[in-house]
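Structural overview
These are the residues of each chain, in order.
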Number of protein chains: 2
Amino acid sequence: MELKDIGEFGLIKRLTKNITLYKERVIVGVGDDVAVVKTEAEKYLLLTCDILIEGTHFTKETITPYQLGKKVVAINVSDIAAKGGIPKQALISIGLPKDTKVVYVDEIYGGIKEQSKKFNIDIVGGNTALSKDKIFIDLFLVGEIKPDLLLLRSGAKPDDKILVTGNLGDSSAGLKIIENQDLKLEDIKFEKKYKTKLKQAHLSPNPRLLESRIIAKSNFANSMMDISDGLSSDLAKICEASNVGAIIWEEKIPVSKETLAFAKSIGKSPFNFALHGGEDYELLFTIPKENVEIIIKKIQRETKTKVTEIGEIKDRKFGIKIVKTNGEMTPLNTYGWNHFKT
Amino acid sequence: MELKDIGEFGLIKRLTKNITLYKERVIVGVGDDVAVVKTEAEKYLLLTCDILIEGTHFTKETITPYQLGKKVVAINVSDIAAKGGIPKQALISIGLPKDTKVVYVDEIYGGIKEQSKKFNIDIVGGNTALSKDKIFIDLFLVGEIKPDLLLLRSGAKPDDKILVTGNLGDSSAGLKIIENQDLKLEDIKFEKKYKTKLKQAHLSPNPRLLESRIIAKSNFANSMMDISDGLSSDLAKICEASNVGAIIWEEKIPVSKETLAFAKSIGKSPFNFALHGGEDYELLFTIPKENVEIIIKKIQRETKTKVTEIGEIKDRKFGIKIVKTNGEMTPLNTYGWNHFKT
C-alpha cells in the first residue's frame, strides 16, 4: 500500500490515532489548526527545530525508518538539553513522495513515538505534504526551563575549564563506515562489533538530557551547547558568542577504542573524527576549575556517563588553539560540518 | 554568487544580521541552540507549522522568492488567526539546493521579514540545510491567546449560522490561470486586470488576523477555522470535530466578479473553485443566529472585510448537504485539496 492509496487524511488518521498525551497541559493536540498548550509563567519557553533530509542527512539504504524517527527526535532533544531544559511538545512536519510505502511512514512514526515517550514529549501537531522525490522530516520542539538554570553559548569566562561528555568522533567514524560499505575492514583486523558500535553512534544518537539537567541544576556551568557540527566548529561558536578564546589539548580529547581502531585501520588520525566530525550530540560546557571534579563525579555517579576536561577558556586575543600530541601548539582549524560548502 | 560560495554559516549570518526583535519577551533569539521566550501564565500557547515545497506548492517560474517568503508567513498566521490568537515567534526551517543563488534566498527572507513585521512576529530561530534539488520552507509559528477567547473546530452547535469572510475560489482560480499560462483568456473577454487579481489571491494571500480577533473578542462564535483545503473539505472538518451536520446554500457562497468571469470564460461553474478550491485562507466560523448581523456589521466597519452567512449547522444525522442554485438539495462532496491522492 502506498500513500496515494490512502491519501493525506487517511495517512494523518493512521499516524495520529494512537498518540497519547502525557501532560494535562496540552489543551488541544493533533486535529485542529494549531496545538494549544498551557504555560507556566515562572518558566522560559525553549523553541528549536531540526531536520533530516533524504540524500543530505540519510539514505533509505543506510538507516531504517524506525531509526530515522528516533533520530529526528534525538537531535532536537539534544538542542533542548544543550540549554539545560526539559523537552515538552513536538510538531512533526513531514514531506513524502507519492509512492512512499505506508508501512515505511508507520515505521518512522513508530520511532518518533517511541523516542517521544522516552523523553516524555507530547506530539501535538504537524503537517504532512507531498514532496517530489525526497523524504524529509522536520521536527519542532518546545521545551521549558527555569530562568536561573538556563545555560547559553555566551556565558563562557576566561579560566573556565572546558568539559565534554562521552566520546567524540564515533558518529562520524560510523558515517564513514556506512558510506563505504566496501571498506574491507575485516582484512585489517577491525572487529565487526566495533563496526556495529560506530554505525550505531551515527544512526541512533543518544541525547544527553539527564547529564544536562545535572549540569544546569548544579549552577556550576557558565556556558553549554551540544556538539552537532564537530568539536572544533562548536567550540568556536561558544568562543564567538562569549567573546573569548580557548586552548584544548589533543591528547585529552576522549576517543573510544572503536574510533581509535577504525582510524588506525584506515591510516588516519582519530582526531580527524573527534575534532571535525559532526553529530556527536555530546555536551560541551565550561565551568570554573574548582567545580570540575565535583561535576565529573556527580555525572558519573548518577548517569554512568564519562565527562572529560579537555581545555581552558582564554582571553579573546589568545584565539583558539590546540596543543597537538607532539607538544606543538597551533591555531585550531574550526571547520566542521557546513551545509552547501561540503 | 551561489550558496556553495558562502556556505551555511555565511548564509546564516547574512540572513540573520538585520533581524530586529520587537518584544522584550524574547530572551534569546537567533544564534544559540534554541530560542528562549518568556511566557505569560494566564495565556495559552498556540503552536503550528506549515510548509511550502517546490514542485508541490510552487514553482520558481510562477512565484517570486519575495512572494514565497511572504506567503509562508501568511499561511501560518492564518492558522493562528483560525483560533482567534495572536502570532508571536517564528522559526524558519529552509532546505536549499547547493546551486541556489544567494540573492534568491535573500529575497525569500526579505518577504519573510516584511510579513513578520506586518504581523509583529519575532523570528527567533531556525535551520538551514542542503536539499538535493528542491527548495522548501517550513515555518513554525508560536502564538498565544487568553483561554476564554480560544475558538476550536469542535464547538459548532446545531442552529448555529455558518459564516465566511471575504470571497471563496479566487485563489484556486488564480492557480488555474498560473498553471495554464497559454489559456487564451483575452480572446474570450476575460479582462487582464481580473487575471492579475486572481493570480494575486493565490500568490499573496492575506490572513484574516484582524477579523479573527474581532470574532474571538466578541465571544459570539462557537467554532472557527481557516479555509485552506477548500470550503467543502474544511466545513466537513468542523462537522466531524463538533459531531454535527450542516446545510449550505450554493447561491449564498460569496464569489468575486473575477472568479465568476473566469469560470464563465472557461465554461465551468464558479462553485468548483469556491467549494473545492484550496488556499483561500478566509475564516469559516459558526455563531448563534441572534449575533449574525452584529458581527457582520462590526467586521465590515472595523476592517472593511465582507462577511457572509452561507448556511446552518444541523444535527449529525442530517449529514452535510448543499442546496444548489436550481433548488435541489444534495449531499455535499467534501473533497478538497488532499496531498498524495491529487
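Residues numbered from 1 in each chain as written. Chains lettered and ligands numbered in written order. Predicted model: local features only at pLDDT ≥ 70, side-chain atom pairs only at ≥ 80, totals over all residues.

Description of the overall build of chain A
- Across its full length, chain A holds ten helices and 13 strands.
- In terms of overall size, chain A behaves like a compact globule, its C-alpha atoms giving a radius of gyration of 21 Å where 342 residues would be expected to give roughly 20 Å.
- Viewed in the frame of its principal axes, chain A has a C-alpha envelope of about 65 × 55 × 35 Å.
- In chain A, buried positions account for 55% of the 342 residues.
- Residue pairs in contact within chain A that sit at least 24 positions apart in sequence constitute 86% of those at least 6 positions apart. (Helix = DSSP H or I, 4+ residues; strand = E, 2+ residues; numbered from the N terminus. Rg over C-alpha atoms; globule rule 2.2 N^0.38 Å. Buried ≥ 20, exposed ≤ 12 C-beta atoms within 10 Å, placed from the backbone. Contact = placed C-beta atoms within 7 Å.)

So, the relation of the copies chain A and chain B
- Taken as rigid bodies, chain A and chain B are interconverted by a rotation of 180° and an axial shift of 0.0 Å, the fit giving an RMSD of 0.0 Å. Given the turn and translation reported, the copies of this chain are related as if by a two-fold rotation axis. Every residue of chain A has its C-alpha some distance from the rotation axis, and the shortest such distance is that of A:Ala41, at 2.0 Å.
- In this assembly, 100% of the residues forming the interface of chain A have copies in chain B that are likewise at the interface, indicating an isologous arrangement. (Least-squares fit on C-alpha atoms with pLDDT ≥ 70 in both.)

Things to note about the packing of helix α5 (residues 192-203) of chain B against helix α8 (residues 257-265) of chain B
Residues and elements named next belong to chain B.
- Following both chains from N to C, one finds α5 and α8 inclined at 110°, their axes separated by 9 Å at the closest point. The angle between the axes of α5 and α8 places the two elements in the roughly perpendicular class. Regarding α5 and α8, the two cross each other, and that crossing is left-handed. Of α8, the residues touching α5 (which contributes Tyr-194, Lys-197 and Leu-198) are Glu-258, Thr-259, Ala-261 and Phe-262. (Axes fitted to C-alpha atoms, helices over the stretch in contact; angles between N-to-C directions. Parallel < 35°, antiparallel > 145°, perpendicular 65-115°, else oblique. Left-handed = near helix turned anticlockwise from the far one by under 90°.)

Thoughts on the interface of chain A and chain B
- The partner chain B presents 64 residues to the 64 residues of chain A that form the contact.
- When residues of the side of chain A that touches chain B are assigned to their parent elements, the largest contribution, nine residues, is made by strand β3 (residues 44-53) of chain A.
- Looking at the side of chain A that touches chain B, its residues break down into 31 nonpolar, 16 polar and 17 charged.
- Both β3(A) and strand β2 (residues 35-38) of chain B contribute to a ladder of four bridges, which runs antiparallel. (Nonpolar A, V, L, I, M, F, W, Y, C, P; charged D, E, K, R; others polar. Pairing = 2+ DSSP bridges.)

Structural notes on the nonpolar core
- By size, the foremost hydrophobic cluster in this structure holds 206 residues, and its most contacted members are A:Leu47, A:Ile137, A:Leu284, B:Leu47, B:Ile137 and B:Leu284.
- Once residues within four sequence positions are removed from consideration, A:Leu47 is found in contact with A:Val142, B:Val34, B:Ala35, B:Val37, B:Gln89, B:Leu91, B:Val124, B:Gly125 and B:Val142. (Core = buried A, V, L, I, M, F, W, Y, C linked by C-beta atoms within 7 Å.)

Some remarks on the sheet that holds strand β13 (residues 329-331) of chain A
Residues and elements named next belong to chain A.
- Read from one edge to the other, the open sheet built from seven strands follows the order β8-β10-β7-β11-β9-β12-β13, with strand pairing classed as mixed. Strand pairing shows two members of the sheet lacking a second neighbour, β8 (223-227) and β13, which therefore form its edges. Between one strand axis and the next, the sheet turns through 25° on average, direction left out of account.
- When strand β7 (residues 161-165) meets strand β11 (residues 307-314), the two strands line up antiparallel, connected through five bridges. Among the inter-strand pairings, Lys-161 is bridged to a residue of β11, identified as Glu-312.
- In the packing of helix α6 (residues 209-218) onto the sheet, the strands contacted are β7, β8 and β10 (282-287), and the crossing angle to β10 comes to about 10°.

Points about helix α3 (residues 102-118) of chain A
Residue and element names in this part refer to chain A.
- Across its 17 residues, α3 extends 24 Å between first and last C-alpha, which sits within 8% of the 24 Å expected from 1.5 Å per residue.
- When we look at burial in α3, the residues that qualify are Val-105, Ile-108, Tyr-109, Gly-111, Ile-112, Gln-115 and Ser-116. Around the axis of α3, the buried residues are gathered within 150° of arc, so they sit on the same side.
- Asn-120 sits one or two positions beyond α3 and adopts a positive phi of about 60°. (Expected span 1.5 Å × (residues − 1). Arc of directions from axis to C-beta.)

Let's talk about the pairing of strand β2 (residues 35-38) of chain A
- When strand β1 (residues 26-28) of chain A meets β2(A), the two strands line up antiparallel, connected through two bridges. Note that in β2(A) the partner of A:Val26 across the bridge is A:Val37.

Regarding the sheet that holds strand β6 (residues 136-145) of chain A
- Taken in spatial order, the six strands line up as β5(A)-β4(A)-β6(A)-β3(A)-β2(B)-β1(B) in an open sheet, and their pairing is mixed. Taken across any chain shown, the strands that pair with only one partner, and hence form the sheet edges, are β5 (122-130) of chain A together with β1 (26-28) of chain B. Going from strand to strand, the sheet's axes swing by 20° on average, the running direction of each strand aside.
- Sitting on the sheet, helix α2 (residues 65-81) of chain A touches β3, β4 (86-96) and β6 of chain A, and the angle it makes with β3(A) is about 145°.

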